[in-house]
Amino acid sequence: MVQNTYKLLLAAFLAVFTFATTNAQITFTKGYLVNEKGDTLRGEVKMNPKKEQDYYARVTFKDASGTQKNYKPAKVKAYGFDNEHFVSIVNNDEGLFYKRLTNGPILLYKGAFEVVVMNKATWEFEYFLFKQGDKKLTDVKEGKFKKQLQEWMKDSQEYAEAYNDSDKKLNIENNIEVINKYNDWKKSN
């Protein structure tokens, strides 16, 4: 009898724990979606912090009436939530959502791509530069990012020079800071 009660309590605990952890990771938060026509809809965006790569492949959006729909990048121009902004871009004939990390004349985007190695799928993140008038994204080159910035910031080299690339590795926080400072300067001139 005691053993059966113990098993029942354990089963109940596991059921509650599984329900709580499953629901804790997937939530809806206030956000927006820009549809194909360019209209901005307010509502809620489905979030799953444990699967960041999902933000780059599709978005689940619940509008003000409570209607929930899944969208692929080809059907949406942009979406966002919690100060995170994603833009639909066709790059190399493939439509994906790219996370916009900066705002202004020079844009820095983050993209996620599925890579299959020895039958195991994983996700890799890559970074891209873009400026108005460009026809496509420019790959950020890890060991040559400072040189890329110097080329892109010809009109104010001191911002590119401020980028620290001593270990030749990308420092995304530093990338964002340098580009944002340049963009702020560019907007004020």
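On a predicted model such as this, the values are computed, not experimentally measured, just so you know. (Residues numbered from 1 in each chain as written. Predicted model: local features only at pLDDT ≥ 70, side-chain atom pairs only at ≥ 80, totals over all residues. Heavy atoms only, no water.)

(A) Looking closely at the sheet that holds strand β6 (residues 84-91). Read from one edge of the open sheet, 10 strands run β4-β3-β2-β1-β5-β6-β7-β8-β9-β10, paired in antiparallel fashion. Of all the strands in the sheet, just β4 (68-71) and β10 (138-139) have a single pairing partner and so form its edges. The sheet strands contacting helix α3 (residues 145-152) are β8 (106-117), β9 (120-131) and β10, and the helix crosses β9 at an angle near 30°. Packed onto the sheet, helix α5 (residues 172-188) meets β8 and β9 and runs at close to 150° relative to β8. (Pairing = 2+ DSSP bridges. Helix = DSSP H or I, 4+ residues; strand = E, 2+ residues; numbered from the N terminus. Contact = heavy atoms within 4.5 Å. Axes fitted to C-alpha atoms, helices over the stretch in contact; angles between N-to-C directions.)

(B) Summary view of the packing of α3 against α5. Two numbers describe how α3 lies on α5: the axes approach to 12 Å, and their chain directions differ by 10°. On the basis of their axis angle, the class for α3 and α5 is roughly parallel. Of α5, the residues touching α3 (which contributes F145, L149 and W152) are N175, V178, I179 and Y182. (Parallel < 35°, antiparallel > 145°, perpendicular 65-115°, else oblique.)

(C) Expanded view of the environment of A160. Topologically, A160 is positioned in helix α4 (residues 157-161). With 18 residues separating them along the chain, A160 and V178 place their C-alpha atoms 7.1 Å apart. Residues contacting A160, with those up to four places away along its chain left out, are K146, L149, Q150 and M153.

(D) Looking closely at the nonpolar core. The biggest cluster of nonpolar side chains holds 17 residues, and the ones touching the most others in it are I106, L108, L129, F145, L149, M153 and I179. Sorting the residues of this core by element identifies β8, β9, α3, α4 and α5 as the ones contributing at least two each. Broken down by element, the residue count for this core peaks at four residues, all from α5. Membership of the second largest hydrophobic core comes to 14 residues, among which are Y56, Y71, F97 and A112. (Core = buried A, V, L, I, M, F, W, Y, C linked by side-chain atoms within 4.5 Å. Buried < 20%, exposed > 50% of the residue type's maximum accessible area, 1.4 Å probe, protein only.)

(E) Quick peek at the layout of surface pockets. Looking at the largest pocket, its volume works out to about 200 Å³. Around the largest pocket, the lining comprises 13 residues; the ones closest to its centre are K46, N48, D54, R58 and T60. It is strand β2 (residues 40-47) that contributes the most residues to the lining of the largest pocket, three residues altogether. Of the residues in the lining of the largest pocket, the class split is six nonpolar, three polar and four charged. (1 Å grid on protein atoms, 1.4 Å probe; cavity = no way out; pocket = protein on both sides within 12 Å on 5 of 7 lines; lining within 4 Å. Points joined across faces, edges and corners; volume = space filled by probe spheres on them. Nonpolar A, V, L, I, M, F, W, Y, C, P; charged D, E, K, R; others polar.)

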